[in-house]
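So you can see what is in the structure, the chains are spelled out below.
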Amino acid sequence: MGDKGQKKDVQKHDEGLKAPNGLQTVVVREFEPADKPEVQLIFYEGVMEMIPDIAFRGLRHHPESLLLYAAMTVICFVITMCWWVIGLLPAVVLYGRYFYSRHVIHGYLEHAMSRDMEDIEGFYMKSSDSCLWVAVLEGKVVGVVAAVGQQKSGGAVELQRMCVDRSCRRRGVGVALGRKVLEYAAAHGHSFVFLGTSAYSSAAHQLYRRLGFRCVGVTNGYITPGARLSLLGKIFYRVRHHHYSLVVGNSKITSNGQH
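Residues numbered from 1 in each chain as written. Predicted model: local features only at pLDDT ≥ 70, side-chain atom pairs only at ≥ 80, totals over all residues. Heavy atoms only, no water.

Novice: How would you explain unusual backbone geometry if you had to name every residue and give the values?
Specialist: Positioned with a positive phi, R161 is a non-glycine residue whose angle comes to about 55 degrees. By the element assignment, R161 lies in strand 5 (residues 156-164). Judged by its relative accessible area of 16%, R161 is buried. The phi dihedral of R170 falls on the positive side, at around 65 degrees, and the residue is not glycine. In this fold, R170 is placed in the loop between strand 5 and helix 7 (173-187). (Helix = DSSP H or I, 4+ residues; strand = E, 2+ residues; numbered from the N terminus. Buried < 20%, exposed > 50% of the residue type's maximum accessible area, 1.4 Å probe, protein only.)

Take a look at the structure:
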């Protein structure tokens, strides 16, 4: 796929994307060691947002879970013959989903922080087949994304760790980061790019489709890396993992609704 020197020749120059107001520029550049605290904070805050997303927004996407919770309510009512159970159990369900979502996400963070997000330089920047970039807006690091070559997947590139600071969303940051990964894949001769997401927020899916990705599959009951679930955990924590793929050269960027 070419050596690290070739990658730096292609990637070392900052590339910008005009923000909607035409005055500010999103600059995407390669990760530097001094960026580590900001990158880790953006990643941490982005992952923590998944807790309410999975616990509450995700509930309506799992009819099998809704049926299970309804059955639990009926059984408890039959056993206790107390009407207040019907009012209490929804609150118990929501608390259980939040508690176990938080438990799993914390496990995922520990897993990530003990691996690549702890040694970003060694994991992403010392290989000729991987890289991590940061997005800079108004002199501040506001986003991050990584690309990792996957030889076992036919020379594809996996888009990983995309996160944007909450205060800087809808300003073209996500588009700039995604475009950088696509340019990297094309420059290194990769045939396609793929990614996976457990986000239920429509904004993330809209961004990937805007870049030209298409959903090629959904894993219902996805096992989150680092998760250790008990029986109760399996009842209250359940996610869908969407798989996206893009053939290099078929990417597209639209001007409306930037992220």
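Novice: Requested: an account of the packing of helix 2 (residues 36-48) against helix 5 (residues 84-113), with residues and values cited.
Specialist: Interaxial distance between helix 2 and helix 5 falls to 10 Å at its minimum, and their mutual angle equals 155 degrees. Considering the angle they form, helix 2 stands roughly antiparallel to helix 5. Relative to helix 5, the crossing made by helix 2 is right-handed. Between helix 2 and helix 5, the contacting residues are Q40, F43, Y44, V47 and M48 on the first element and I105, H106, Y108, L109, A112 and M113 on the second. (Axes fitted to C-alpha atoms, helices over the stretch in contact; angles between N-to-C directions. Parallel < 35°, antiparallel > 145°, perpendicular 65-115°, else oblique. Left-handed = near helix turned anticlockwise from the far one by under 90°. Contact = heavy atoms within 4.5 Å.)

Novice: Which residues make up the packing of aromatic side chains, and what values go with them?
Specialist: In the structure shown here, the tally under the stated rule is 9 aromatic pairs. On the basis of an interplanar angle of 10 degrees and a centroid distance of 6.1 Å, the ring pair of F56 and Y98 is categorised as stacked. Remark: Y98 occurs in helix 5 and F56 occurs in the loop between helix 3 (50-55) and helix 4 (63-80); sequence separation between them is 42 residues. The exposure class of F56 is partly exposed, given its relative accessible area of 39%. For Y98, a relative accessible area of 34% puts it in the partly exposed group. Between the aromatic rings of F123 and Y124, the centroid separation amounts to 4.9 Å while the plane-to-plane angle is 65 degrees, which identifies the pairing as edge-to-face. An aromatic cluster is defined as three or more aromatic residues linked by ring pairs; in this entry it consists of Y95, F99, Y100 and F236. (Phe/Tyr/Trp six-rings, centres within 6.5 Å; stacked < 30°, edge-to-face > 60°.)

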